[in-house]
Amino acid sequence: MISRRLISGLALGAVVLLAGCATAPQGPTSMIDPNANFSEFETFSLLHEPSAENPMSMVESMVRDAITAGLESKGYVQAPAGETADLLIDYDGERQETIKNRPFSVGIGVGSYGSHGGASVGTRTSSVKNVTEGSLVVNAVDSARGAEIWRSQVTRELGNAGANSAVVKNIVAEVLKDFPARGTSPGASS
């Protein structure tokens, strides 16, 4: 018969093992110029306008639309064509195939019913799989100073769907999460 103390110890061990194996995606990596005064900025424009020589892909169009919507939701206004914006927004996206390793793991289960107890152990062998990851870097330049004042990057596994509209919107929202809302002081975000 398994003692309650052994069962409690096995359950605690299983929780610790599972917590160590479960990892959430890393959040965006953001940097901000502490001397930037975001209350001075009102308008933005996106760099790298498409042209006949350099047409825009569907994914790039989705990224541009999501960045525009994200900045507008934070109180900024897109500058009219031909006008110099307060903020120049640049972005770069990359899609790459990478290999993910799923390590060997052990799972422990315990339980009891009345005066009967039981325990089980399960294992998962290690495996390797090819995945598609998408990275997006967005940065903001103060057009008056000609200096970068904010930068953020995020990398996510795209899954089987690839870069569809919903995935792009989620990635851009994550990248812009720490972008200061219009009128806030350095280091503040919405």
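What you see is a predicted model, and the numbers here were worked out from it, not measured in a lab. (Residues numbered from 1 in each chain as written. Predicted model: local features only at pLDDT ≥ 70, side-chain atom pairs only at ≥ 80, totals over all residues. Heavy atoms only, no water.)

(A) Highlighting the pairing of strand β6 (residues 116–124). In terms of strand pairing, strand β5 (residues 105–113) meets β6 through nine bridges, oriented antiparallel. Along β6, the bridge assignment pairs Val106 with Thr123. Hairpin connection of β5 to β6: two residues between the antiparallel strands, including Gly114 at a positive phi of 65°. (Pairing = 2+ DSSP bridges. Helix = DSSP H or I, 4+ residues; strand = E, 2+ residues; numbered from the N terminus.)

(B) Structural detail: the packing of aromatic side chains. For the structure shown, the criterion picks out four aromatic pairs. Here the aromatic rings of Trp150 and Phe179 are separated by 4.7 Å at their centres, their planes lie at 75°, and the arrangement is edge-to-face. Residue Trp150 is located in strand β8 (residues 147–157), and its partner Phe179 is located in the segment after α3 (165–175); the two are separated by 29 residues in the primary sequence. Judged by its relative accessible area of 2%, Trp150 is buried. The exposure class of Phe179 is buried, given its relative accessible area of 1%. By the ring-pair criterion, three or more aromatic residues cluster together here, those being Phe38, Phe41, Tyr76, Trp150 and Phe179. (Phe/Tyr/Trp six-rings, centres within 6.5 Å; stacked < 30°, edge-to-face > 60°. Buried < 20%, exposed > 50% of the residue type's maximum accessible area, 1.4 Å probe, protein only.)

(C) Geometry of α3. Among the residues of α3, Val168, Ile171, Val172 and Val175 are the ones counted as buried. Mapping the buried residues of α3 onto a view down its axis gives an arc of 95°, with all of them on the same face. Away from its buried face, by an angle of more than 90 degrees, α3 presents the exposed residues Lys169 and Asn170. (Arc of directions from axis to C-beta.)

(D) Geometry of helix α2 (residues 58–73). Compared with an ideal rise of 1.5 Å per residue, which puts 16 residues at 22 Å, α2 spans 23 Å between its outermost C-alpha atoms and is within 8% of the ideal. Taken together, the buried positions of α2 are Val63, Arg64, Ala66, Ile67, Thr68, Gly70 and Leu71. Gly75 sits one or two residues past α2 and shows a positive phi near 100°. (Expected span 1.5 Å × (residues − 1).)

(E) Inspection of the packing of α2 against α3 at higher detail. Viewed as axis vectors pointing N to C, α2 and α3 meet at an angle of 45°, and their least axial separation amounts to 9 Å. Taken together, the axes of α2 and α3 are oblique relative to one another. Crossing hand, α2 versus α3: right-handed. Every residue of α3 that contacts α2 at Met62, Val63, Ala66 and Ile67 is listed here: Ser165, Val168, Lys169 and Val172. (Axes fitted to C-alpha atoms, helices over the stretch in contact; angles between N-to-C directions. Parallel < 35°, antiparallel > 145°, perpendicular 65-115°, else oblique. Left-handed = near helix turned anticlockwise from the far one by under 90°. Contact = heavy atoms within 4.5 Å.)

(F) A look at the side chain of Asp142. On the secondary structure map, Asp142 appears in strand β7 (residues 127–142). Here Asp142 is in contact with Phe41, Asp86, Ala147 and Ile149, once residues within four sequence places are set aside.

(G) Spatial organisation of the side chain of Ser152. Within the secondary structure, Ser152 is located in strand β8. Among the polar contacts listed, one links the side chain of Ser152 to the side chain of Ser30, at a separation of 3.0 Å. Within the structure, the side chain of Ser152 is placed 3.0 Å from the backbone oxygen of Val175, a separation counted as a polar contact. Not counting the four nearest positions on each side in its chain, Ser152 is found in contact with Pro28, Thr29, Ser30, Leu136, Val137, Val138 and Val175. (Polar contact = N/O pair within 3.5 Å; in protein donor to acceptor, adjacent residues only side chain to side chain.)

(H) Fine view of the pattern of salt bridges. The final tally for this structure, using the stated rule, is four salt bridges. As a salt-bridge pair, Arg182 and Glu42 come within 3.4 Å of each other at their nearest N and O atoms. Residue Arg182 is located in the segment after α3, and its partner Glu42 is located in the loop between β1 (29–32) and β2 (43–46); the two are separated by 140 residues in the primary sequence. Judged by relative accessible area, which is 34%, Arg182 ranks as partly exposed. Residue Glu42 is classed as partly exposed on the basis of its relative accessible area of 39%. Residues Arg145 and Asp142 are paired through a salt bridge, measuring 3.4 Å at the closest nitrogen-oxygen approach. Via salt bridges that share partners, Asp33, Asp142 and Arg145 belong to a single interconnected network. (Salt bridge = Lys/Arg side-chain N within 4 Å of Asp/Glu carboxyl O.)

Shape is all these values report; function is a separate question.
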